[in-house]
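# Chain and residue survey
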Amino acid sequence: QKEVEQDPGPLSVPEGAIVSLNCTYSNSAFQYFMWYRQYSRKGPELLMYTYSSGNKEDGRFTAQVDKSSKYISLFIRDSQPSDSATYLCASGGSYIPTFGRGTSLIVHP
Amino acid sequence: KAGVTQTPRYLIKTRGQQVTLSCSPISGHRSVSWYQQTPGQGLQFLFEYFSETQRNKGNFPGRFSGRQFSNSRSEMNVSTLELGDSALYLCASSAAGRETFSYNEQFFGPGTRLTVL
């Protein structure tokens, strides 16, 4: 079992929808939680970074971490076709991050 | 400011050969990490270098090695290639200091797509 589990999808939604992406992790020592977006033939791009529990909002994106249930979420409001990409969650302790396999998101016009 | 660059972008090798991949970090970044990305395993950490020293290492066999030069540029080498080494190899640079790994300042390059035949 991977330390970070993520449903690969694909997740297909209409433009304007609220998207919910989720991951679970198993290591209680993880303190850092990240979401990356990866377009085809590109490297991952950091979207959100959270230390410990709580919510963080940046524009249309909201990241949530619930350490009691070891659950990580990313919400995208007013989704756009340009949001179509693979979304990777990641978490880690002091140095080595562990990534989920990524969820493919398709936002259709 | 220029981003992380990786060369070559695409590479085809045969089993048993060795390969060297190159990464130039963002100017001023001293930490360089390498990752392997495959459809089956996702993104996996290989190793991290800081100021020419390997600081952290993932769970990969000794065929995977790397080094960092004084200008922070890094290379990774894979010897005795196997079919399962076919993957996208990503390099990421960070402004992390000596005592920290800056997750929120890690920038990825476009990757090198390695195909082993």
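Further up the page is the structure itself.
For the structure given in this document, a descriptive report is provided here. On a predicted model such as this, the values are computed, not experimentally measured, just so you know.

### Describing the sheet that holds strand S6 (residues 54–58) of chain A
Residues and elements named next belong to chain A.
- Across the sheet, which stays open at both edges, the five strands sit in the order S1-S3-S8-S7-S6 with antiparallel pairing between neighbours. Looking at strand neighbours, the two that pair on one side only are strand S1 (4–6) and S6, the edges of this open sheet. Direction aside, neighbouring strands of the sheet carry axes that sit 15 degrees apart on average.

### A look at the packing of aromatic side chains
- All told, the structure shown has eleven aromatic pairs over all chains when counted by the stated rule.
- Look at tyrosine 36 of chain A and phenylalanine 99 of chain A: their rings are 5.5 Å apart centre to centre, the planes differ by 45 degrees, and that puts the pair in the tilted class. One end of the pair, tyrosine 36 of chain A, is in strand S4 (residues 32–38); the other, phenylalanine 99 of chain A, is in strand S10 (residues 97–99), with 63 residues separating them in the sequence.
- We note arginine 55 of chain B situated over the ring of phenylalanine 50 of chain B; from NZ or CZ to the ring centre the distance is 4.5 Å.

### Observations regarding the environment of glutamine 80 of chain A
Residue and element names in this part refer to chain A.
- Note that glutamine 80 resides in the loop between strand S8 (71–76) and strand S9 (85–92).
- C-alpha separation for the pair glutamine 80 and valine 13, spaced 67 residues apart in sequence, amounts to 9.6 Å.
- Ignoring anything within four residues of it in the chain, the contact list for glutamine 80 reads Glu15, Arg60 and Val107.
- A polar contact of 2.9 Å, which involves the side chain of glutamine 80, links it to the backbone oxygen of aspartate 78.

### Points about the sheet that holds strand S3 (residues 19–24) of chain B
Residue and element names in this part refer to chain B.
- With antiparallel pairing, four strands are arranged side by side in an open sheet as S1-S3-S8-S7. The strands lining the two open edges of the sheet, one partner per strand, are strand S1 (5–7) and strand S7 (64–68). With direction set aside, neighbouring strand axes in the sheet form an average angle of 20 degrees.
- Relative to strand S8 (residues 74–78), S7 runs antiparallel, the two sharing five bridges.

### Things to note about the environment of proline 8 of chain A
Residues and elements named next belong to chain A.
- Looking at the element boundaries, proline 8 is found in the loop between S1 and strand S2 (11–14).
- Through-space distance from the C-alpha of proline 8 to that of proline 109 is 22 Å; in sequence the pair is 101 residues apart.
- Not counting residues up to four positions away in its chain, the partners in contact with proline 8 are Gly102, Thr103 and Ser104.

### Side note on the state of the cysteines
- One pass over the structure, following the stated rule, counts two disulfides over all chains.
- For cysteine 23 of chain A, the disulfide goes to cysteine 89 of chain A, at an S-S distance of 1.9 Å. Its S-S torsion of approximately -100 degrees makes the covalent link between cysteine 23 of chain A and cysteine 89 of chain A left-handed. Here the residue cysteine 23 of chain A occupies a position in strand S3 (residues 19–25), and cysteine 89 of chain A occupies one in strand S9, the gap between them amounting to 66 residues.
- Judged by its relative accessible area of 1%, cysteine 23 of chain A is buried.
- For cysteine 23 of chain B, the disulfide goes to cysteine 91 of chain B, at an S-S distance of 1.7 Å. Here the S-S torsion is close to -50 degrees, and the disulfide linking cysteine 23 of chain B with cysteine 91 of chain B is therefore left-handed. Here the residue cysteine 23 of chain B occupies a position in strand S3, and cysteine 91 of chain B occupies one in strand S9 (residues 87–94), the gap between them amounting to 68 residues.

Rules behind the numbers
- Residues numbered from 1 in each chain as written.
- Chains lettered and ligands numbered in written order.
- Predicted model: local features only at pLDDT ≥ 70, side-chain atom pairs only at ≥ 80, totals over all residues.
- Heavy atoms only, no water.
- Pairing = 2+ DSSP bridges.
- Helix = DSSP H or I, 4+ residues; strand = E, 2+ residues; numbered from the N terminus.
- Axes fitted to C-alpha atoms, helices over the stretch in contact; angles between N-to-C directions.
- Phe/Tyr/Trp six-rings, centres within 6.5 Å; stacked < 30°, edge-to-face > 60°.
- Lys NZ or Arg CZ within 6 Å of the ring centre and 35° of its normal.
- Contact = heavy atoms within 4.5 Å.
- Polar contact = N/O pair within 3.5 Å; in protein donor to acceptor, adjacent residues only side chain to side chain.
- Disulfide = S-S within 2.5 Å.
- Buried < 20%, exposed > 50% of the residue type's maximum accessible area, 1.4 Å probe, protein only.

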